[in-house]
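Close look at the chain arrangement
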Amino acid sequence: MQIHFALDGLPEFAPPYEFLNEAGMQQSVGIFGSRNDAALAVSPLQLLLFRIHDPSLAPPGKHAASAFAYAFPVEVNRDQRGRLKNEMAQRVIDKITRFAPNFKDIVIRHITFAPYHMQTMFAAPAGDFCHGLLHPDLIGPNRPGPKGFLDLPIPIDGLYLGGAGCHGGPGITFTPG
């Protein structure tokens with residue numbers, strides 16, 4: 001699920017995360033949690049603040065941001081979608097506010113795109129913009145390097161897997177795939 005925000009300032013992170021208030025540290029903030037948190041569809045999530053590096057994206061003093069939550073119930077009845085989208089958006093806002101207490105107060109407005117929007121707009125199966133589920137055992141240090149996984153090397157020298165549908169994402173759009 002993807003949420004775009006218009007903000008009336010920058011998030012102010014509370015201890016022990018106050019180092020994120022330093023210049024350049026809020027470009028991309030990942031918030032992870034336990035596997036139990038993942039079941040609640042609010043972890044992991046990523047917050048991106050765009051105006052930090054491109055002031056033209058918002059008026060002076062204002063900021064543009066996006067948050068990505070990597071879990072959402074995709075197989076629900078159509079009549080439940082709007083309610084769930086709004087509930088999940090509020091959960092994301094609440095989770096960010098746990099780390100940056102002023103976040104809820106600086107949100108001017110937001111728009112939320114749930115998986116069914118992605119499926120309709122881009123023909124992404126089940127709205128999955130990551131080309132496959134983002135499992136904890138496939139992120140971070142468990143991603144393959146240039147020679148594949150340590151225990152499963154790529155058998156062809158000089159073969160590089162770099163397409164939008166290859167493992168190693170997300171962080172790319174699903175459109176090229």
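Cut-offs and rules
Residues numbered from 1 in each chain as written. Predicted model: local features only at pLDDT ≥ 70, side-chain atom pairs only at ≥ 80, totals over all residues. Heavy atoms only, no water. Salt bridge = Lys/Arg side-chain N within 4 Å of Asp/Glu carboxyl O. Helix = DSSP H or I, 4+ residues; strand = E, 2+ residues; numbered from the N terminus. Buried < 20%, exposed > 50% of the residue type's maximum accessible area, 1.4 Å probe, protein only. Phe/Tyr/Trp six-rings, centres within 6.5 Å; stacked < 30°, edge-to-face > 60°. Pairing = 2+ DSSP bridges. Axes fitted to C-alpha atoms, helices over the stretch in contact; angles between N-to-C directions. Contact = heavy atoms within 4.5 Å. Polar contact = N/O pair within 3.5 Å; in protein donor to acceptor, adjacent residues only side chain to side chain.

Oppositely charged side chains can form a pair if their charged atoms are brought close together. The full count for this structure, using the stated rule, is four salt bridges. The salt bridge involving Glu87 is made with Arg83; its shortest N-O contact spans 3.2 Å. In this pair, Glu87 and Arg83 are both assigned in helix α2 (residues 78–99), four residues apart and thus about one turn of the helix distant. The partly exposed category is assigned to Arg83, whose relative accessible area is 48%. What you see here is one network of salt bridges that share partners, running through Arg83, Glu87 and Arg91.

The geometry of an aromatic ring pair comes down to the distance between the two centres and the angle between the two planes. Evaluated as defined, the whole model comprises two aromatic pairs. On the numbers, 5.2 Å between centres and 80 degrees between planes, the contact of Phe5 with Phe103 is edge-to-face. Here the residue Phe5 occupies a position in strand β1 (residues 2–7), and Phe103 occupies one in helix α3 (residues 103–106), the gap between them amounting to 98 residues. In this structure Phe5 comes out as buried when scored by relative accessible area, which is 5%. Taking relative accessible area as the criterion, Phe103 reaches 0% and is therefore assigned buried. An angle of 70 degrees between the planes, with centres 5.3 Å apart, marks the rings of Tyr17 and Phe99 as edge-to-face. In this pair, Tyr17 sits in the loop between β1 and β2 (28–31) while Phe99 sits in helix α2, placing the two residues 82 residues apart along the sequence. Residue classification places Tyr17 among the partly exposed positions, given a relative accessible area of 34%. Look at Phe99 and you get buried, because its relative accessible area is 17%.

The pairing of β1 with strand β4 (residues 63–69) spans six bridges and is antiparallel. Residue pairing in the sheet places Gln2 in a bridge with Phe68 of β4. Here β1 pairs with strand β5 (residues 107–113) via six bridges, running antiparallel. Its bridge partner lying in β5, Ile3 is registered against Thr112.

Now for the sheet that holds β4. One open sheet holds the five strands; their spatial order is β2-β3-β4-β1-β5, and the pairing between them is antiparallel. Every other strand in the sheet has two partners, leaving β2 and β5 as the edge strands with one partner each. Each strand axis lies, on average, 15 degrees off the axis of its neighbour in the sheet, ignoring direction. In this fold helix α4 (residues 115–122) packs onto β1 and β5, with an angle of close to 60 degrees to the strand it touches most, β5.

Note on placement: Gln26 falls in the loop between β1 and β2. With a relative accessible area of 4%, Gln26 lands in the buried category. For the pair Gln26 and Leu47, spaced 21 residues apart in sequence, the C-alpha separation works out to 8.3 Å. Once you skip the residues sitting within four places of it in the chain, Gln26 turns out to touch Leu10, Pro11, Phe13, Leu20, Asn21, Leu49 and Ile52. At 3.2 Å, the side chain of Gln26 and the backbone oxygen of Leu20 are in polar contact.

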